[in-house]
Amino acid sequence: MLLAHLVAAVVGPILVRSIGRNAFYLLATVPGASAIWLLTHDPRALADAPIEQSVPWIPAFGIDLAMRLDTLSWVLAVIATGIGALVLAYCARYFKDTEAGLGRFAGVLTAFAGAMVGLVLTDDVMVMYVFWELTTVFSYLLIGHYQDKQASRRAALNALISTTVGGLAMLVGLLMAGYAAGSMRFSQIVTDPMWADAGPYLVTAMVLMLTGATTKSAMIPTHFWLPGAMAAPTPVSAYLHAAAMVKAGIYLILRLAPALTFLEVVAGILVALGAVTMLVGGWRALRQTDIKLLLAYGTVSQLGFLTAVTGLATHDAILAGLAMLIAHSVFKAPLFMVVGIIDKQFGTRDLRVLSGVWKVAPVTAVIGTVSAASMAAIPPLYGFVAKESIYSALWYGGGLQRLLLIALVAGSVLTVAYSWRFVKGAFGRAPGAPPVAQPSISVLYWLPPAIIAVLSVGLPLVAAPLEEALRGAAGVLPDTTQEVHLVVIPHLGVPLLASVVTLALGLVLCLIAKPFQRFQKAVSPQSWAGERALDVIDSERGFRRILRATDSLSVAITPLFQRGSLPYTLGTMFVVLIALVTPVALTQSPVPDNLVLFHNPIELIVLPVVVLAGIGVVRSRRRLRAVFLITVTGYGAALLFLAAGAPDVATTQVLVETAMTVVLVLVLRRLPLHFSRRPLRFGALARWAVAITTAIVMCGAVLYAADARYREALGPGLIEPAYTEGGGHNVVNVTLVDFRVWDTIGEIGVLLVVATGVASLIFVTRRERPISRVRDLDDGSTSIWRRRTDSDLPQNVLDFDARPDEVIGDNRWRTWLSAGLTLAPERRMVILEVITRIGFPMLMMFSIYLLMAGHNLPGGGFAGGLVAGLALALRYLAGGRYELSEAAPVQAGLVLGTGMALAVSAAVLPLLFGGTIFESATPVVHVPLLGELHFPSALIFDLGVYLVVVGVLLDFLRSLGSQIDLQQEAETDAR
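Model, not experiment: these values are computed from the prediction.

Reading guide: rules and limits
Residues numbered from 1 in each chain as written. Predicted model: local features only at pLDDT ≥ 70, side-chain atom pairs only at ≥ 80, totals over all residues. Heavy atoms only, no water. 1 Å grid on protein atoms, 1.4 Å probe; cavity = no way out; pocket = protein on both sides within 12 Å on 5 of 7 lines; lining within 4 Å. Points joined across faces, edges and corners; volume = space filled by probe spheres on them. Helix = DSSP H or I, 4+ residues; strand = E, 2+ residues; numbered from the N terminus. Nonpolar A, V, L, I, M, F, W, Y, C, P; charged D, E, K, R; others polar. Expected span 1.5 Å × (residues − 1). Buried < 20%, exposed > 50% of the residue type's maximum accessible area, 1.4 Å probe, protein only. Salt bridge = Lys/Arg side-chain N within 4 Å of Asp/Glu carboxyl O. Phe/Tyr/Trp six-rings, centres within 6.5 Å; stacked < 30°, edge-to-face > 60°. Lys NZ or Arg CZ within 6 Å of the ring centre and 35° of its normal. Pairing = 2+ DSSP bridges. Polar contact = N/O pair within 3.5 Å; in protein donor to acceptor, adjacent residues only side chain to side chain. Contact = heavy atoms within 4.5 Å. Axes fitted to C-alpha atoms, helices over the stretch in contact; angles between N-to-C directions. Parallel < 35°, antiparallel > 145°, perpendicular 65-115°, else oblique. Core = buried A, V, L, I, M, F, W, Y, C linked by side-chain atoms within 4.5 Å.

## Side note on empty space enclosed by the protein
For step 1, the next point in the chain: Taken as a whole, this structure holds 3 cavities of 30 Å³ or more when the rule is applied.
For step 2, the next point in the chain: In this structure, the largest cavity encloses a volume near 60 Å³.
For step 3, the next point in the chain: Taken together, Ala659, Val662, Val663, Leu666, Gly869, Leu870, Ala873, Leu953, Phe956 and Leu957 make up the lining of the largest cavity.
For step 4, the next point in the chain: Listed by contribution, the elements that provide at least two residues to the lining of the largest cavity are helix H30 (647-668), helix H37 (861-887) and helix H39 (938-974).
For step 5, the next point in the chain: Of the residues forming the lining of the largest cavity, the biggest block, 4 residues, is contributed by H30.
For step 6, the next point in the chain: Looking at the lining of the largest cavity residue by residue, the class counts come to 9 nonpolar, 1 polar and no charged.

Have a look at this one:
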């Protein structure tokens, strides 16, 4: 199921691009098929025998892709997939083919559906957190779909920050609980006996986990993000904010119920928070004139209702809460869809303008009215059945639960009132407003909400079997009273009386709607409170005030430590390092007892040269001299590596130093020839003091770190596994592409980011420019590094090449390089061109050799990629930017992306053959004359590393080379 959603999300944009909005029907088949598969399972059987599957993911941390389908996850998964399929089908008529970003929207919405399914099915808390945050990120993208609208961007950011902060708190709580239980499985954590005598540690863990639940389900004080999220397209509201995302918090409370039942104080706080949220949401709903905002605040109220009930963590409360959760999904989703139809067809959601909708759109009005009636708990609709079960659970629960019943009855009275306000405002007559025009609403437009709304009528018919199924989810808690039943015709008693009172008072509130609105306006803080009081009372204003204060604090603090001065920043880092290390170093002996001064006599020659080069760098005033002296220190380090018996590391060091020298020389073209003088002697002395002290501290730290070993070195133990498991004799390369492959993929990811960052600094207007080839140029129209018009050069320099018309006979006119003639004659070097012509193919062949031989001999993808990149640098230095384009007529981004894709595919491919991530295989091929050839699967990953390194250097040459060429030529032309 999860893989199907992932594939659908990836191909969704392609389908939309191909067949337009009708692609949503194809995408709807994925969650639809998932819902059908789920419905083939008996939820009663799942209560006793859950379906479990587990695949090791990160064994070192005990993290598995563990999935568990029990009754609770079955209910939530059916809601997420069933309503998700219908919402996707609804999108096919809601949007037009010309909608901007429709393909992206389709992919993200499908991905969100998959993330929600994964969230409710996973049993591993870390994997659950991954899906939890995926829903947060996807909802951010969906809420901010209208990128050109400030309201959408602000609403998306509010939702992202609010839910992410809660999610991080939840993660800490999950880790604390998992550590205490000795397991990362939800099913084991919540049923562990430790909760029976929970101390402050476990109470803190529970509070942190519930923080995530309450922010996700929009409880006070973070409830403001949900109404703000109504800036999203209506299908997003119908799915994320009615049936899916906001239910994640309620799901977490239900999942934690077996542990929460032992923490009465925490449960009491959660219940009170839910009750207050229900009252505030209902109160605010009655003040809205936008019918979508009215439903949004109604959703806040209903979520508070659900939180208050499920927070009790009793058998009957969980049963009733689950019943109400289903009811809320089946009446709120079609209500939002109806609002979407009204908005699209009549161009407004203002109930003061909508007039006579029921006459021109009777089917839509019936769907909305039935769903609103279920929301108001009008019998015999399913909303009434579910709410009656909650009243029964609270009444028969006794004690403080009866006090909660009074609060929830008050909130339900408001629910009846705003349900009527919605029906009257959306479908009735608006005084003084002209009747709306006759719309054209296709059957496929109103059919999805109609199918969901039918459940409000049909579910009461199967109340008994539904109750039996839901008892499987409530069965994890002790069954003490069992007074709650899902029935259409309840027994006479206090719960039924509470329902009658709710409807009666709700009707009264409908009748006195206008006086009550005036009363609300009079007591509203906006009428009497000042700005400071509103910042305290209004959660959204307070949230924005906190963000502004954080911004102001960061603006005040950042200049103290980051002044834009590289010496100051480095000096601060070094001083902190010295301050942290020196006190510890003073407690150690001056020199370790096992210190060896040198291993190889060559060190006595190399080290003085490196030291002198380092001093020369600091003393040099010319930037170019400093660059070459730095390169000397790098080559010296490579010699030390080679003397220590590390040819792989030495080779890589030489290649990296060479590549960095080329890059630095290219950068120097935009910098002054000399470093600036520092007139203050105190500043120079301070720099010398920091530098020398840092050197002493670093050398001492390395010495003592080497002396601190208390276990055997890992190196000797890797030699045999490198051949038996990795299939190679080169332990260094096998370690990089097999044993420590996660480190390597992280490192090439860093290279990717660095290349992107460098290019972004140079390419001001766009990431990459079209590649210009020599064949696209007009003869004689281009001359790189143009000479000045007043240059006095000999004629033989200007006639460096023979022209085609000067060649006698059938000899073909050619130059040493493909783009040699694009350089100004005085900029060309025949020796360099000849060397490049001969050396480039040899270097490329050598790079391929290093790539292929690296598994058994010194080399590998990193070294091979560096050699290939240096070969491209040679072409550029000899022939300019057009020569580089002839050598590599591809965009650097394509090379980088292909390399990263190959590296990732090396991780995924073994899964298709029943293996694990990055599992290695070494097939042997018998070739005549050549004999046995070994092709380790790690070669695919190494090839990805090779391409990433080539892409990075190509990106540097294009940005720091070609682009700076263009800038310099533009400046020359301007002069």
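Next comes the rest of the write-up.
## Some remarks on helix H19 (residues 400-427)
For step 1, the next point in the chain: Under the 1.5 Å per step criterion, the end-to-end length of H19 is 41 Å for 28 residues, consistent within 8% with the ideal 40 Å.
For step 2, the next point in the chain: Burial analysis of H19 places 20 of its 28 residues in the buried class, the great majority of the element.

## Focus: the layout of surface pockets
For step 1, the next point in the chain: In this structure, the largest pocket encloses a volume near 2,000 Å³.
For step 2, the next point in the chain: Here the lining of the largest pocket takes 14 residues from helix H31 (residues 681-707), the largest share from any one element.
For step 3, the next point in the chain: When grouped by side-chain class, the residues that make up the lining of the largest pocket number 29 nonpolar, 9 polar and 7 charged.
For step 4, the next point in the chain: If you add up the space inside the second largest pocket, you get close to 1,500 Å³.
For step 5, the next point in the chain: Every residue lining the second largest pocket is counted, 36 residues in all, and those nearest its centre are Leu2, Leu3, Leu65, Met67 and Phe131.
For step 6, the next point in the chain: Of all the secondary structure elements, the ones that give two or more residues to the lining of the second largest pocket are helix H1 (2-19), helix H2 (23-39), strand S1 (51-58), strand S2 (63-69), helix H5 (102-121), helix H6 (125-143), helix H34 (741-762) and helix H38 (892-912).
For step 7, the next point in the chain: Examining the composition of the lining of the second largest pocket, we find that 6 residues originate from one element, S1, more than from any other.
For step 8, the next point in the chain: Per-class residue counts for the lining of the second largest pocket are 31 nonpolar, 3 polar and 2 charged.

## Looking at the pattern of salt bridges
Note that side chains of opposite charge can pair when their charged atoms are close.
For step 1, the next point in the chain: Going through the model one piece at a time under the given rule, you end up with 12 salt bridges.
For step 2, the next point in the chain: As a salt-bridge pair, Asp42 and Arg44 come within 3.1 Å of each other at their nearest N and O atoms.
For step 3, the next point in the chain: The salt bridge involving Arg352 is made with Asp350; its shortest N-O contact spans 2.8 Å.
For step 4, the next point in the chain: We classify Arg352 as exposed; its relative accessible area is 51%.
For step 5, the next point in the chain: Exposure remark for Asp350: the relative accessible area of 17% places this residue in the buried category.
For step 6, the next point in the chain: Overlapping salt bridges, with partners in common, bring together Glu52, Arg68, Asp70 and Arg255 in one network.

## Details of the packing of aromatic side chains
In this description, a pair of aromatic rings is defined by centroid distance and the angle of the planes.
For step 1, the next point in the chain: Counted according to the given criterion, the structure contains 13 aromatic pairs.
For step 2, the next point in the chain: Note on Phe224 and Phe543: the rings are 5.0 Å apart at their centroids and 40 degrees apart in plane angle, and the pair reads as tilted. Of the two residues, Phe224 sits in the loop between helix H9 (200-216) and helix H10 (225-228) while Phe543 sits in helix H26 (residues 539-561), which places them 319 residues apart along the sequence.
For step 3, the next point in the chain: An angle of 15 degrees between the planes, with centres 6.2 Å apart, marks the rings of Phe846 and Tyr849 as stacked. On the criterion of helical spacing, the pair formed by Phe846 and Tyr849 is a turn pair, its members being 3 residues apart in helix H36 (residues 830-853).
For step 4, the next point in the chain: The class for Phe846 is partly exposed, based on a relative accessible area of 41%.
For step 5, the next point in the chain: Cluster of aromatic residues (ring-pair linked, three or more members): Phe24, Tyr90, Tyr94, Phe95, Phe105 and Tyr445.
For step 6, the next point in the chain: Lying over the aromatic face of Trp395, Arg402 brings its terminal NZ or CZ to 3.7 Å of the ring centre.

## Structural notes on unusual backbone geometry
With glycine set apart, most residues show a phi of negative sign, and most peptide bonds adopt trans.
For step 1, the next point in the chain: A cis amide bond links Ile220 to the next residue, Pro221, at an omega of 10 degrees.
For step 2, the next point in the chain: One can find Pro221 in the loop between H9 and H10.
For step 3, the next point in the chain: With an omega of 5 degrees, the peptide bond between Pro379 and Pro380 qualifies as cis.
For step 4, the next point in the chain: Inspection of the secondary structure assignment puts Pro380 in the loop between helix H17 (362-375) and helix H18 (382-397).
For step 5, the next point in the chain: The phi angle at Ala313 is positive, at roughly 55 degrees, despite the residue not being glycine.
For step 6, the next point in the chain: With respect to the helices and strands, the residue Ala313 is situated in the loop between helix H14 (291-310) and helix H15 (315-346).

## A look at the pairing of S2
For step 1, the next point in the chain: Counting buried residues along S2, 6 of its 7 residues qualify, which places the element largely inside the surrounding structure.
For step 2, the next point in the chain: Judged from the 7 bridges that link them, S1 and S2 form a sheet pairing that is antiparallel. Within S2, the position partnered with Pro56 by the bridge is Asp64.
For step 3, the next point in the chain: Counted along the chain from S1 to the antiparallel partner S2, the turn is 4 residues long, and its residue Gly62 has a positive phi close to 70 degrees.

## Points about the side chain of Ser162
For step 1, the next point in the chain: With respect to the helices and strands, the residue Ser162 is situated in helix H7 (residues 150-181).
For step 2, the next point in the chain: Looking at Ser162, the relative accessible area reads 5%, which means it is buried.
For step 3, the next point in the chain: A polar contact of 2.8 Å, which involves the side chain of Ser162, links it to the backbone oxygen of Asn158.
For step 4, the next point in the chain: If we ignore the near neighbours within four places in the chain, the residues touching Ser162 are Thr215, Phe224, Trp225 and Phe543.

## Considering the packing of H17 against H19
For step 1, the next point in the chain: Look at H17 against H19: their axes get within 9 Å of each other, and the N-to-C directions meet at 170 degrees. When the axis of H17 is compared with that of H19, the two are roughly antiparallel. Touching Thr364, Ala365, Gly368, Thr369, Ala372 and Met375 of H17 are Thr415, Tyr418, Ser419, Phe422, Val423 and Phe427, all from H19.
For step 2, the next point in the chain: Residue composition of the contact of H17 with H19, by class: 7 nonpolar, 5 polar and no charged.

## Thoughts on the nonpolar core
For step 1, the next point in the chain: If you look at the biggest cluster of nonpolar residues, it comprises 192 residues, and the most contacted ones within it are Trp195, Met206, Tyr239 and Phe422.
For step 2, the next point in the chain: With 21 residues, H15 is the largest single contributor of residues to this core.
For step 3, the next point in the chain: When neighbours within four sequence positions are excluded, Phe422 is seen to be in contact with Ile291, Leu294, Leu295, Leu335, Val339, Gly368, Ala372 and Phe427.
For step 4, the next point in the chain: Among the nonpolar cores identified, the runner-up in size contains 45 residues, and Ala892, Val895, Leu896 and Val948 belong to it.

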